[in-house]
Amino acid sequence: MCRYIRPEILSMSGYVPGEQPDPQDNVVKLNTNENPYRSSEKVYDAIRLVLESGLSRYPDPLALGFREAVSRRYGVDPSMVLCGNGSDDILTILTRAFVGGGELLRLPYPTYILYRSLAEIQGAKSEFVYFNKDWSLPDEFYSGKADLRLVFLPNPNSPSGTTIPKKRILEIAEQLPCPLVIDEAYVDFAEDSCIDLVGSCERIMVARSFSKSYSLAGLRFGYLVASTELVAQMLKVKDSYNCDAISIAAATAAISDEFWLTENRKKIIATRNRLTNEMRAIGFNVPDSNANFTWNTHSNIDVRLIYEYLKSRGVLVRYMNYPLWGDGLRISVGTDDQIDQCIKLIRQYVTP
Ligand SMILES: *Cc1c(COP(=O)(O)O)cnc(C)c1O
């Protein structure tokens, strides 16, 4: 029966998310950049309130309450906000709205590989532009091509955790012949967001997630900030009720609790910087991270074996191998205790 499946789907391999072990196995889970801390209690209060009034009605298809909360927080008009079932849903809506079959989507490399899967599902082409060795972007990233329709740039990037300065992003956006999506899944752990550029440069769109900095990966909520005109078009593409009543209420409570975010951010950044320093002291190459993970490579140890060693002792990190680029370990920032366990094992492995 598979011959009835579209050839684009048959030939693609499909995005493979990081491993999700059984919670009962008590694995120290440092592989998918989740936040190790519990989200704001205000989130749980908001969820309880929804449950009390029941779930028999459809949710607000436009999630107006949430869009107003973004407006209060970032000073953008509510009509500039598009909500999604996780920011992956936002990325899907963007690809469907901007990139037709046979047209071109550009992404840097190495990066979040879901972008390419989205292009494949769409029957579109994707083009990698390699980062320079220092994780800056070559001018080629903004070169115009006739069929180029959309460019994705995660900032901070994964797996490197590095950022492209805002000035450079504006320069790229101004040279590009098409819109530029800044995927800010990790921006709360960085210095600078591009949300304030959206108002002045229509070509820039900013995607955000609640999975990392708000400790809500299990909830599924994300949003996009773009011009009012573009959001109005994308509303036609999304599922009518792509966000449920529970996630809308929870995300609204989360984004309104700025104190929680500030405190969480401080803890994660402190642990991240310690992780970076300790891994460097052991002999790894670690670029300065602006995210809640670090990218660790080594010039003469097979890091795949370290991944296996850690896994066999109950610590799960992410092993990544990028063809023509190289491999490394991406370690998510856990609690101090989890990071201590991880570092201790790595030290045991590398020091004979
Ligand atoms: C985690 C991640 C996402 C997905 O976020 P969800 O809101 O969980 O769908 C998007 N982009 C990047 C770069 C990510 O790392």
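Everything here concerns the structure above.
Residues numbered from 1 in each chain as written. Predicted model: local features only at pLDDT ≥ 70, side-chain atom pairs only at ≥ 80, totals over all residues. Heavy atoms only, no water.

A.B. asks: Can you help me understand the sheet that holds strand 11 (residues 326–332) in this one?
C.D. replies: Where strands meet in a sheet, backbone hydrogen bonds hold them as pairs that are either parallel or antiparallel. Spatially, the four strands line up as an open sheet ordered 1-10-11-9, and their pairing is mixed. Edge positions in the sheet fall to strand 1 (28–30) and strand 9 (293–296), since each of these pairs with one other strand and no more. Adjacent strand axes in the sheet meet at a mean angle of 30 degrees when their direction is disregarded. Note: strand 9 against strand 11, four bridges, orientation antiparallel. Along strand 11, the bridge assignment pairs Asn296 with Leu329. Contacts between helix 12 (residues 336–350) and the sheet are confined to strand 1, strand 10 (315–322) and strand 11, with strand 1 contributing the most and set at about 85 degrees to the helix. (Pairing = 2+ DSSP bridges. Helix = DSSP H or I, 4+ residues; strand = E, 2+ residues; numbered from the N terminus. Axes fitted to C-alpha atoms, helices over the stretch in contact; angles between N-to-C directions. Contact = heavy atoms within 4.5 Å.)

A.B. asks: Just to check I follow, could you spell out the site of the ligand for this structure?
C.D. replies: In the region of the ligand, the neighbouring residues are Gly86, Ser87, Asp88, Tyr112, Asp183, Ala185, Tyr186, Ser209, Ser211, Lys212 and Arg220. Within the contact set of the ligand, a nitrogen atom lies 2.6 Å away from a side-chain nitrogen or oxygen of Asp183. Taken by itself the ligand offers 390 Å² of open surface, and the protein chains cover 92% of this. (Near = heavy atom within 4 Å. Polar contact = N/O pair within 3.5 Å; in protein donor to acceptor, adjacent residues only side chain to side chain. Areas by Shrake-Rupley, 256 points an atom, 1.4 Å probe, with all protein chains shown as cover.)

A.B. asks: What's the story with empty space enclosed by the protein in this structure? I'm lost.
C.D. replies: Any space left empty among the atoms is revealed by the rolling of a water-sized probe across them. The final tally for this structure, using the stated rule, is two cavities of 30 Å³ or more. In this structure, the largest cavity occupies an estimated 60 Å³ of space. Taken together, 13 residues form the lining of the largest cavity, with Pro61, Leu62, Ala63, Cys83 and Lys238 sitting closest to its centre. The leading source of residues in the lining of the largest cavity is strand 2 (residues 81–84), at three residues. Taken together, the residues of the lining of the largest cavity break down into nine nonpolar, one polar and three charged. Roughly 30 Å³ of internal volume is contained in the second largest cavity. (1 Å grid on protein atoms, 1.4 Å probe; cavity = no way out; pocket = protein on both sides within 12 Å on 5 of 7 lines; lining within 4 Å. Points joined across faces, edges and corners; volume = space filled by probe spheres on them. Nonpolar A, V, L, I, M, F, W, Y, C, P; charged D, E, K, R; others polar.)

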